[in-house]
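# Observations on the model geometry
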Amino acid sequence: MSGHTASDKTSGPWVDISLDALAANYATLRAAAPDAEMAAVVKCNAYGLGLAAIATKLAEQNCKTFFVAYPEEGAALREVLKPLNADAAIYVFNGPLPQTMALFQSAKMAPVLNSLEQATTWAAETDGAPAALHIDTGMNRLGAPLSEIDAIAALSGLNINLVMSHLACASDPAHPKNDEQCKLFGAVAKDFPQARASLSASGGALMDARFHFDLVRPGVALYGGSPFDIDEARLEPVAVLRAPVVQLREIAPGETVGYNASFKATAPTRLATVALGYGDGMPASGSGRAQAVIAGGRARIAGRISMDLISLDITDHKNPINTGDIATFFGEGIRLFEAAKSCNTSAYELLTGLGGRVDRRYL
Ligand SMILES: *Cc1c(COP(=O)(O)O)cnc(C)c1O
């Protein structure tokens, strides 16, 4: 065992999380939309990186408005934010259900109302507690249809302080649907003159000012993931996925590696077996395609990714590799964008898929 440093002592995979890079990405987004408030989306355990540490760092950057998907996430967030900013606004994308009404009120969260029915119930059962309204401008996922907007605007006792919509095609800034949704949203938002307006997530934040309205709500870009179909160099890597080599071996031509023998050596081949697998969130779709950086060079995954193990082909490596050496799968030497592409997936899925066994280490 050589090449260890104290912080490398681990038997399994871990992710180094740079809170400074998170703060830098938040600043980059703020500079890209200087006239809007920059909120933060911290749903799904802050895209897999840990709600408490991420929300704390963002609150320290003066982020005052947070979005989650489920009310339980919002209640946990309220506990995190209490000592930092008791007045922080927490919006919950998935509107209230009969069984979650009480939780919304005890944690002082604002639902994002998605229908006339939800708006009617909220107005009737709360005493003018603030809420957001999601207007569906063409995604047909969540949000009130245009046919319900007049009736919602006319409800008495309803206190809408934010109207929002969501772009379906922001991954391609040139897509004509972005303009259509933007114009429609701008027109319908006028029915709620007392409310602030929010259209954009990460993609729209980095598009032109027409998309920014009063408040922008990025998620993936905060965490270093490009929201676009191409990489976004302005974003710093926040998460670095690493795992140690647990065994080394050499195989002869004709021998195979791993399940289904999908890799067959055509020459003498050196392999490093690494403690990381699809059980940790390294997608099996990266089998034979994704790469790691180890000992100053790149190595391709040989054969199938297993639940707990990956074989790297290190035949061409110039530097010696030993057990205990650390392989890096994304975030340093390999952009998250590239890793996601070589696994046929997105930065969103790679980050949120990081498994429970992967130690989160904050730098
Ligand atoms: C998840 C989500 C966001 C954040 O999206 P990113 O692409 O990660 O920036 C914003 N708005 C809504 C409605 C969402 O569901």
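Note that the structure is a prediction, hence the values are computed from the model and not measured.

## Structural notes on the site of the ligand
The ligand sits among 14 residues. The nearest are K43, Y47, S202, G219 and Y348. Contact distances for the ligand include 2.9 Å between a nitrogen atom and a side-chain N or O atom of R217. Between V220 and the ligand, the recorded distance is 2.8 Å, taken from a backbone N or O atom to an oxygen atom. Out of a free accessible area of 390 Å², the ligand has 91% covered by protein chains.

## Section: the layout of surface pockets
Estimated volume of the largest pocket: approximately 650 Å³. Forming the walls of the largest pocket are 34 residues, and the residues nearest its centre are K43, Y47, R141, H166 and A201. If you list the elements that add at least two residues to the lining of the largest pocket, you get helix 2 (43-47), helix 9 (202-205) and helix 11 (347-352). Split into classes, the residues belonging to the lining of the largest pocket amount to 20 nonpolar, 11 polar and 3 charged. Taken as a whole, the second largest pocket spans an internal volume of roughly 250 Å³. The wall of the second largest pocket is formed by 16 residues, among which R78, K108, M109, A110 and P130 lie closest to the centre. Going through the elements one at a time, strand 5 (89-92) and helix 5 (101-106) are the ones with two or more residues in the lining of the second largest pocket. If you tally residues by element for the lining of the second largest pocket, the top one is strand 5, at 3 residues. Grouping the amino acids of the lining of the second largest pocket by side-chain chemistry returns 11 nonpolar, 2 polar and 3 charged.

## Looking at the nonpolar core
In terms of nonpolar packing, the biggest core is built from 111 residues, with F66, L312 and F329 touching the most fellow members. Each of domain 1 (6-14 + 237-362) and domain 2 (19-223) gives at least three residues to this core. In this structure F66 touches A40, V42, A55, L58, A59, L77, L81, A88, A89, I90 and Y91, once residues within four positions along its chain are discounted. With 5 residues, the next largest nonpolar core counts V257, A265, L271 and A302 among its residues.

## Digging into empty space enclosed by the protein
The tally for this structure, following the rule as stated, stands at 1 cavity of 30 Å³ or more. When its volume is computed, the largest cavity comes out at roughly 50 Å³. Forming the boundary of the largest cavity are Y223, G224, P237, V238, A239, F330, R335, L336 and L351. Counted by class, the lining of the largest cavity contains 7 nonpolar, 1 polar and 1 charged residues.

Rules used in this analysis
Residues numbered from 1 in each chain as written. Predicted model: local features only at pLDDT ≥ 70, side-chain atom pairs only at ≥ 80, totals over all residues. Heavy atoms only, no water. Near = heavy atom within 4 Å. Polar contact = N/O pair within 3.5 Å; in protein donor to acceptor, adjacent residues only side chain to side chain. Areas by Shrake-Rupley, 256 points an atom, 1.4 Å probe, with all protein chains shown as cover. 1 Å grid on protein atoms, 1.4 Å probe; cavity = no way out; pocket = protein on both sides within 12 Å on 5 of 7 lines; lining within 4 Å. Points joined across faces, edges and corners; volume = space filled by probe spheres on them. Helix = DSSP H or I, 4+ residues; strand = E, 2+ residues; numbered from the N terminus. Nonpolar A, V, L, I, M, F, W, Y, C, P; charged D, E, K, R; others polar. Core = buried A, V, L, I, M, F, W, Y, C linked by side-chain atoms within 4.5 Å. Buried < 20%, exposed > 50% of the residue type's maximum accessible area, 1.4 Å probe, protein only. Domains from an automatic or database assignment. Contact = heavy atoms within 4.5 Å.

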